[in-house]
Every structure is written in structure tokens, then in C-alpha cells.
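Here are the chains, one letter per residue:
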Amino acid sequence: MSDLDTFRADTRAWLEANCPAEMRTPMRSEDDACWGGRHFAFQSEAQERWMRLMGEKGWTVPDWPAAYGGGGLTPAETKVLKEEMRSIGARSPLSSFGISMLGPALLKYGTEEQKNRFLPEIARGEIRWCQGYSEPGAGSDLAGLQTKCEDNGDHWLVNGQKVWTSYADKADWIFCLVRTSTESKHGGISFLLFDMESEGVSTKPILLISGYSPFCETFFDNVKVPKDQVVGDVNKGWDVAKYLLGHEREMISGMGLGSGSARTLAQSLGAIDDPVLAADVALFDVDAIAFAAMSEHFIDQLKAGEAHPAMPSMMKYAGTELNKKRHELTMAAGGSDALEWDSERSHGGKAAREWLRTKANSIEGGTSEVQLGIVAKHILRLPGA
Amino acid sequence: MILTDDQRQLADMARTFLAEEGTIKKQLRHWRDIGCKDGFGHGLWKQMAELGLTGLAIPEEAGGLGLGATEAALVMEEVGRNLTPSPFLTTSIVAVEALKGSEQGKRWFPGILSGDTVAAFAVDEGPHHRPRAIALEAKRSGNGFALSGSKQFVVHGASADLLIVAARTGGSAGESDGLTLFAVPRDAAGMTIENVALADSSKAARISFENVAVDADAVIGEVDGGWEPLRRAMRAGRTGAAAELVGLATGASDMTVDYLKQRKQFGKLIGEFQVLQHRAAHLFGEIEIARAVTLKAAELLDKGDAQAGMMTHVAKAKAGRVSALAVQEAVQMHGGIGMTDEHDIGLYMKREKVLDALFGDSSYHARMVQVTG
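Worth saying up front: this structure is predicted, and the values here are computed from it rather than measured.

A.B. asks: Would you mind going over the nonpolar core with me for this structure?
C.D. replies: It is characteristic of soluble globular proteins that their nonpolar side chains tend to be buried jointly. With 147 residues, the main nonpolar core has Leu-147, Phe-182 and Leu-230 of chain B as its most contacted residues. At 16 residues, helix 7 (residues 227-260) of chain B tops the list of elements feeding residues into this core. Phe-40, Tyr-133, Leu-244 and Met-251 of chain A belong to the second largest nonpolar core, which has 40 residues in total.

Dropping the structure here:
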């Protein structure tokens, strides 16, 4: 038996013994996700236990070094773990911007002290993070951000406003882009971490067209931040931000956006008796299955270190456009049932609300137009792009 | 999927060789302009034999390289990139797949290996690919069969030494049961072969069969059990054609992106216009996706995976749609020059149309994805 086979057998046995039955059922909605953090209201004892047990093994972040709370697994072992989890239908123990976005940036740019301080907490789901990037005047043109960060001797002083801060009202800490110099647009930005309970931080939810509200406006009024909470060099935060955005795009394209086909959709909605709609679904299936093959290939490329740095942009663009199309088809297939906003029959308006939610896919994390611009510039090398 | 070192070497070899010898100028335009009846060059076919490419998929014990659909796809992509006219797809991929494991293989593999034999695949009987609708009749007669009926869109049919013919020995049109595959030598009596030039200057035949007598041993596989080898051959052919489409789309797109960097209008390089940048970037992504799913289909075929058939439908449909977009964008972005015969970009558009139709067009395969998926 190879080491990997032994690992698989041990993993299977451990998961079998430790994954609660409730955590082996499909998530019904975003509400079933476990976010962790100081104030997270666990839906069940099983949800909390599953996060804690996985965190203790470092398996919420299996490929991070064990010294920082990770599992220290090789890429091959990580793949085995994911396969074994999938085979019993185990839910992800933790959904976390700390894992998918901040963690990789800290591993690359953080000081040893920052890594020791933050990474294990992230791995164990003890701190919930939000991302302070966009501002009212700086969305896609992110480097135009204005939130001011002054050196006040023994601390930083932050003043300004962020927008579209996902779950800012529920997060414990924020990773935030601030302006420490106005001399250059990209060169005056720093990457700052601070506690959302700091004096002078306030948030206000933004009600969306879907009726959901994961997003907030976030205000900073004379917020004092300790000096050692800048990641990377002062005024060099743009490098950290870009690196993190690459991971955000990978996460978005890897979240299953665009995977799966409309066939399952058609099955869930009963027979599609309209030949025009059936043709649309058939063509969508082709696109969806082809994109799933691309996703698999992209992940293999990432693991082999062969992916072009701009490929996450291509994946994000293609995946989110496909996801929007899927939900347009869901609405078409669902007919008037899918239009019901609150009823039992529509599972509380699930189809309509998710359809509306997907319209943000091609805006958040860099608009589709921004992604196309990146591909044009960095892969196709078109002039002036 | 990440390619192995051996696969990368093969792809590099095919790329270098075809970029040198398989060019539009040396092959496609040359044979077209002199009015060659074959539409391809036997010299190049011989060279491909010397490199081992003609026998790429022939089992090692029969003298071939014993490679699979993935390697075939890598070669086809280079064929597509250069628009190289060649019987590689019909002979080395489709016919070899049909003949694999049959007695007929022993007879025909040596000629394919040496580059002396060209094979064609006769399935379609109407203007659309409908393999279950095959009506060409094979009646038992004496020691063998007599074939009557007609085929069209038989690529290289007039140049081929061997025709793989799908015929009906039982059942009725619309059924996959009752089909039988025959290996028919070119000189069989009773065939009338009309050599037809297609839009891309390739040649396909319209063939009528009048009591064409073949021996019982011309049957590939089992009588009435032809669907299995036919389906295997079509899957190989579809994946090969999809790979050629991906290569063609890449070639057209590369040529177009280069043009965007050179052509000035309104005092600017046209590649500076955001609307063209975004369309080019969209196309880039679509081609990558088509390539990924084509290689996925090849990988599943090589593994004998149960999903292989479905994935070949997806690959052919996706590659067809993406390459259609690629050539439309290519001609449009080239502007007027793209409409001239002198410029190569229009040749990509013509080839794309033919390849999309070969072994079923995008609409056919999208429907099959729904039916079989």
C-alpha cells in the first residue's frame, strides 16, 4: 500500500467517525454555510463541532503549513481529502474570507509575527474577516481609493468610507486598502488589518434587489490602528491587493459558479415542453459541461504552477457570465412558479432571489469588463490595454 | 489534465513539422491552385508516415505507436492551425479506430503505416449527419453481401484506397441495431464515385453503390453489430475534428490578434480600441474552454470512461460553436482585406464550415448531449 493509499484509508476512517450526519446533507441555501467568528450563531451543535474538529486537524486549510494551523498536507493529500469528503457528501466545515483571501496573502506577504498571530485563528474559524476594498468613488477603478491613513507616531489614523463590504456587520476584523500617500495612484496604498470593534468603525447594510443584504457601507471616523498591522511594506499594498484579488477570482471560479449543467435544472423543474427553451437548455449544457472541464484543467494548471497569472480573470469572466445565463434559464423554466417572491411553492422566492443575486457576479471581484481588459493586456498583449 | 512529457514532445514535433511542411502556402493553396484532384499532397502523407504519425493509433503489435485519442488530438490541433489538407483524420484516426481488433486491420494497417493507403469513411446519406438513419442496404448474396444505396460527404472518397461503409443488414432506418460496417476496397465493382469540391477546396465524394459485391470477410466486427465499431470510429473522428477546430480557431485568433497590433485606423492601432480588445479577450477564453473540453473528451476515451461518449458530443458542439465565432471575428476584424482571396484568413472561415458539418454539426451534438446526458 502506498503512503497515499494509507492516507486515504486513514482519512476515510476519520471522516466516517467524526463527520456528523447532519453535516453530510446538501446545503439548502447560503444560510447553511458556517462562517465562524466571535459572534457567529451556529445553526446546530453539529455545525459547531464539525468546524472545531476539522480545525483541530488543520483540515479547514489542509494545504497550509501545520505551524500556522494548517494540515501541512501535500497537494496530492489535499486532493484525497477533498475526494473523501465529497464521497460522503461532507459539507465544507468553514466558509471564510480569511481562508480564501487573506490567508494566502499573509502567507506570502505577512511577517512571521503576523502569520503566527492571525493564521491559526483563521484556520480554527475564530475570527471572521471582511474585505475593505471598494469605495463609493473607487469600484472597478480600485486604485482610485481615498480612505485616508495617517502616520500618527505610535499608531495609524484612518478616516474614510468603504462600500460593498460583504458581511461587514458580522465580521470581527477587516483587511482594508487605505491611502498612505497621494504621490502616486498605485504606489500610495497600504494593506491594513484592524478590529471592527475599534472605536470609530460603523456599518450600515445595503438592501439589494434580491431582498438579501450581505453588503454594507462601512465608515471609519478617526480609527486608531496599531503600527504593526500593516501587511507588506507601507505604500506597497497594491501588490498584496492584486495577489489577493487573484485568489478571490480563483475562489469565485472554483465555488462551482458555472459548474453543473442545466440538465439537473430541467429535472428539478419537470419536463421542458417548449422546443425553443429545450434548445436553449441544450446549448447551455454544452457551455456548462465544457466550462466544468476547463475548471478542472485550470485547477490542475494551478497545482502544477503552470497557470498564466491572468488566467483567473478569464475563468472569473467565463464562469460568472455562464452563471447568469443559468439563472436566466432557471427563471424561464420555472415560469410563473419561479416568480413567486415569498411563497412555500417557490421556497421563499429562492429562484427569483438567486437569479437577482447572480447579476452581481459580473460586477463584484472586478467587473467582466475589467477581467476582459486584464486578458487583453496581459495575455493577448494588445496595445494600450 | 496536464500533458505528460511524451505528449508534449509529440505536440512539439507535430507543431514544428507542420509549421514547416504543412503550411497554407505549401499545401492548401498549392494543391488548390493547381487543381489537384485529391486536394492534398501524397508527399506530405509519406513524410507523416516516416515520422510515425500515420500509425499513431495503430497498436504496437501491428507496428504502430499504439497511442490514443489524446495524442491524436494534439496532432490534429496542429493540422487545424495550419489548415493542412491531409487524410490523417479519416485514415489514421477514424479508419484505424474502426479496424482495430478486426481481421481487416491486418490487411490495411501496413499500407496506412507506410503512407501508401488512404481511407475514407462513408456514413452520411443526406445533407445532415444522421447515423441511425442509414438506409444503404447490404443484402446477403452468395458468399458475401451486395451493397446498394448512396453516400455523400465521403471526405477523400475519390482518392481513397479503402472505404469504410456503414450499411443496413437489418432493422429499419432510425435504429442502431441492424447496422453493419464493411471494409470496401476502392476497386470493388459497381461503385460510381463523383469527386465533389467543397467550399474549403477539400474533396468529398458522392458515391452510389449498385449491387457492389463484397466477401463476408469484408465485415468489420459482427453482422448487425456494426453500431459498436461505427460509434467508436465516430467518437474518435468527432474528437479529432474538435481538436482540428480548436487548432483552426487558435490559428485564426493568433492571426487576428497580430493584425490588431499592426493595423491603424483613425490614427490609432485598432488593437487599442476597447471594444475589439474585449471581443478578442472573450474569444481567447472560449478557445481555451473548447480546448479543455476536447482534451477531456480524449482523456475519457483513452480511459474507456462511461462519460466519454457524452463528452465527445460536448467537445464537438463546443469546438464548432467557438471556432465559428473565431472565424467570424477574424474576418470582421480584418475588415475588407479579410474578404480577399489573397489573404489567408478567409480560408479559415471556409475550413471551419466544413469541419463543423463533419461527423455532425454543433446543433446535432448539442441535441445529443441532452438525449444522452
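So much for the structure itself; the text now carries on.
A.B. asks: Honestly, the domain arrangement of chain B in this entry has me stumped. Any pointers?
C.D. replies: Interface size is commonly expressed as the accessible area that is lost once the parts come together. All names here are of chain B. Entries for chain B in the domain assignment read domain 1 (5-117), domain 2 (121-224) and domain 3 (228-372). Taken together, the contact between domain 2 and domain 3 spans 17 residues of the former and 15 residues of the latter. Interface area for domain 2 against domain 3, summed over the two sides, is near 1,300 Å², with a carbon-plus-sulfur share of 77%. Between domain 2 and domain 3 we count one salt bridge in total.

A.B. asks: What is the right way to look at the packing of aromatic side chains in this model?
C.D. replies: Given two aromatic rings, one states the distance between the centres and the angle between the planes to describe the pair. Residues and elements named next belong to chain A. Overall, the coordinates contain 17 aromatic pairs over all chains when judged by the stated rule. Both rings, one in Phe-97 and one in Tyr-167, keep their centres 6.3 Å apart while their planes meet at 45 degrees; by these two values the pair is tilted. Highlighted residues: Phe-97 in helix 4 (residues 97-109) and Tyr-167 in the loop between strand 3 (155-166) and strand 4 (173-179), separated in sequence by 70 residues. We note that Phe-97, like Tyr-167, is buried. Judged by centre distance (5.3 Å) and plane angle (65 degrees), the rings of Phe-118 and Trp-173 are edge-to-face. Placement of the pair is Phe-118 in helix 5 (residues 112-123) and Trp-173 in strand 4, with a sequence separation of 55 residues. When its relative accessible area of 7% is taken as the criterion, Trp-173 is described as buried. Above the plane of the ring of Tyr-109 lies Lys-108, whose end atom (NZ or CZ) is 5.6 Å from the centre. Between the NZ or CZ atom of Lys-227 and the centre of the ring of Trp-156, over which it lies, the distance is 5.0 Å.

A.B. asks: What is the right way to read the UniProt feature "domain: Acyl-CoA oxidase/dehydrogenase middle" (unreviewed entry) in chain B from this model?
C.D. replies: The feature "domain: Acyl-CoA oxidase/dehydrogenase middle" (unreviewed entry), as annotated in UniProt, sits at residues 138-212 of chain B in this numbering. Structurally, residues 138-212 of chain B comprises 0% helix and 63% strand, and the distance from its first C-alpha atom to its last is 9 Å.

A.B. asks: What's the story with the pattern of salt bridges in this structure? I'm lost.
C.D. replies: Oppositely charged side chains may form a pair once their charged atoms are brought near each other. What the rule picks out here adds up to 48 salt bridges over all chains. The partner of Arg-8 of chain A in a salt bridge is Glu-83 of chain A, and the shortest N-O contact between them spans 2.9 Å. Within this pair, whereas Arg-8 of chain A is found in helix 1 (residues 3-18), its partner Glu-83 of chain A is found in helix 3 (residues 75-87), the two being separated by 75 residues in sequence. Residue classification places Arg-8 of chain A among the partly exposed positions, given a relative accessible area of 25%. The exposure class of Glu-83 of chain A is partly exposed, given its relative accessible area of 25%. Between Arg-81 of chain B and Glu-77 of chain B there is a salt bridge, with the nearest N and O atoms lying 3.8 Å from each other. Taken as a pair, Arg-81 of chain B and Glu-77 of chain B lie in helix 4 (residues 69-82) at a separation of four residues, close to a single helical turn.

A.B. asks: Help me out: how do you make sense of the pairing of strand 4 (residues 162-168) of chain B in this one?
C.D. replies: The side chains of a regular strand alternate between the sheet's two faces. All names here are of chain B. Burial runs high along strand 4: seven of the seven residues are buried. Direction of pairing for strand 1 (residues 119-122) relative to strand 4: parallel, over a ladder of four bridges. Bridge pairing in strand 4 places Ala-119 opposite Leu-162. Relative to strand 5 (residues 179-185), strand 4 is paired through seven bridges, and the arrangement is antiparallel. In the strand pairing of strand 5, Ala-167 is matched with Thr-180.

A.B. asks: Just checking my understanding: could you explain the domain arrangement of chain A for this structure?
C.D. replies: Its domain assignment divides chain A into domain 1 (3-95), domain 2 (129-235) and domain 3 (257-379). With centres defined by C-alpha atoms, the gap from domain 1 of chain A to domain 3 of chain A works out at 26 Å.

A.B. asks: Explain the interface of chain B and chain A here, please?
C.D. replies: Of the residues lining the interface, 31 residues belong to chain B; the matching set on chain A comes to 35 residues. The junction of chain B with chain A conceals about 2,900 Å² of combined surface from both sides, 72% of it contributed by carbon and sulfur atoms. Counting across the interface, chain B meets chain A through three salt bridges. A salt bridge links Asp-287 of chain A to Lys-318 of chain B; the nearest nitrogen and oxygen atoms lie 2.7 Å apart. The tally of links from chain B across to chain A stands at nine residue pairs in polar contact (both at pLDDT 80 or more). When contributions to the side of chain B that touches chain A are tallied by element, the ones reaching two or more residues are helix 7, helix 8 (274-303), helix 9 (308-334) and helix 11 (362-372) of chain B. It is helix 8 of chain B that provides the largest number of residues to the side of chain B that touches chain A, a total of 12 residues. When the residues that make up the side of chain B that touches chain A are grouped by side-chain class, the tally is 17 nonpolar, seven polar and seven charged.

A.B. asks: Explanation requested: the UniProt feature "domain: Acyl-CoA dehydrogenase/oxidase N-terminal" (unreviewed entry) in chain A in the structure shown.
C.D. replies: When the UniProt feature table is mapped onto this chain numbering, "domain: Acyl-CoA dehydrogenase/oxidase N-terminal" (unreviewed entry) sits at residues 47-126 of chain A. The straight-line gap between the two end C-alpha atoms of residues 47-126 of chain A is 14 Å; of that span, 61% is helix and 0% is strand.

A.B. asks: Please clarify how the side chain of His-129 of chain B should be interpreted in this entry.
C.D. replies: Residue and element names in this part refer to chain B. Tracing the sequence through the fold places His-129 in the loop between strand 1 and strand 2 (137-141). For His-129, a relative accessible area of 4% puts it in the buried group. At 2.8 Å, the side chain of His-129 forms a polar contact with the side chain of Asp-124. Within the structure, His-129 has its side chain in polar contact with the side chain of Arg-238 (distance 2.9 Å). Not counting residues up to four positions away in its chain, the partners in contact with His-129 are Val-123, Asp-124, Met-234, Arg-238, Phe-359, Gly-360 and Tyr-364.

A.B. asks: Looking at this structure, how should I read helix 10 (residues 345-357) of chain B?
C.D. replies: Residues three or four positions apart in an α-helix share a direction because the helix packs 3.6 residues into each turn. All names here are of chain B. Buried within helix 10 are the following residues: Ile-345, Gly-346, Leu-347, Tyr-348, Arg-351, Glu-352, Val-354, Leu-355 and Asp-356. Those residues of helix 10 hidden inside the fold are in contact with helix 2 (24-33), helix 4, strand 3 (144-155), helix 7, helix 9 and helix 11. Just beyond helix 10, the residue with positive phi is Phe-359, at close to 60 degrees.

A.B. asks: Whenever I open this one, the packing of helix 4 of chain B against helix 5 (residues 88-99) of chain B confuses me. Can you help?
C.D. replies: How two helices pack is summed up by the angle between their axes together with the distance between the axes. Residues and elements named next belong to chain B. Two elements in contact, helix 4 and helix 5, have axes whose closest approach is 11 Å; the angle formed by their N-to-C orientations is 175 degrees. As far as their axial angle goes, helix 5 and helix 4 are roughly antiparallel. For the pair helix 4 and helix 5, contact is made by Ala-72, Val-75 and Met-76 and by Phe-88, Leu-89 and Ile-93, respectively. Class assignment for the residues of the contact of helix 4 with helix 5 results in six nonpolar, no polar and no charged.

A.B. asks: Even after reading the chapter, I still don't get the UniProt feature "domain: Acyl-CoA dehydrogenase/oxidase C-terminal" (unreviewed entry) in chain B, so can you show me in this structure?
C.D. replies: Under the feature "domain: Acyl-CoA dehydrogenase/oxidase C-terminal" (unreviewed entry), the UniProt entry names residues 225-369 of chain B. With 77% helix and 3% strand, the stretch residues 225-369 of chain B has end C-alpha atoms that lie 24 Å from each other.

The rules behind the values
- Think of each chain on its own: its residues are numbered from 1, step by step along the sequence as written.
- All chains are assigned letters beginning with A, and all ligands numbers beginning with 1, in the order in which they are written.
- Given that the model is predicted, a residue must reach a pLDDT of at least 70 before its local features are reported, and side-chain atom pairs must reach 80 or more before they are shown or counted; all residues, however, enter totals for whole chains, interfaces and linings.
- As a rule here, side-chain values cover all heavy atoms of the structure and leave hydrogens and water aside.
- Remark: nonpolar core denotes a set of buried residues (Ala, Val, Leu, Ile, Met, Phe, Trp, Tyr, Cys) joined through side-chain atoms within 4.5 Å.
- Three labels apply to residues, based on accessible area from a 1.4 Å probe with only protein chains included: buried if under 20% of the type maximum, exposed if over 50%, partly exposed otherwise in between.
- Working definition: helices are DSSP H or I runs of at least four residues, strands are E runs of at least two. Numbering for both runs from the N terminus.
- Boundaries of every domain are those given by an automatic assignment or by a domain database.
- Residues are treated as being in contact if the distance between any of their heavy atoms lies within 4.5 Å.
- As used here, buried area is the combined drop in accessible area, with a 1.4 Å probe, of two parts when they are placed together.
- Here a salt bridge means any side-chain nitrogen of Lys or Arg lying within 4 Å of a carboxyl oxygen belonging to Asp or Glu.
- Under the pairing criterion, centres of Phe, Tyr and Trp rings, with the six-membered ring standing for Trp, must be within 6.5 Å; the plane angle then separates stacked pairs below 30 degrees from edge-to-face pairs above 60, leaving the rest tilted.
- We call a charge positioned over a ring when the NZ of a Lys or the CZ of an Arg lies within 6 Å of the ring centre and within 35 degrees of the ring normal.
- UniProt positions are given in the numbering used here, feature names are shortened, and annotations may be inferred rather than shown by experiment.
- For two strands to pair, DSSP has to find at least two bridges joining them.
- N or O atoms within 3.5 Å of each other form a polar contact, as long as, within protein, one can give a hydrogen and the other can take it, and as long as residues adjacent in sequence are counted only when both atoms are side-chain atoms.
- In this count, Pro and Cys sit with the nonpolar residues alongside Ala, Val, Leu, Ile, Met, Phe, Trp and Tyr, while Asp, Glu, Lys and Arg are called charged and the others, Gly among them, polar.
- Under this scheme, a helix contributes an axis fitted over its contacting stretch, all axes are lines through C-alpha atoms, and angles between N-to-C directions fall in the 0 to 180 degree range.
- If an angle is under 35 degrees, it is roughly parallel; if it is over 145, roughly antiparallel; if it lies from 65 to 115, roughly perpendicular; otherwise it is oblique.

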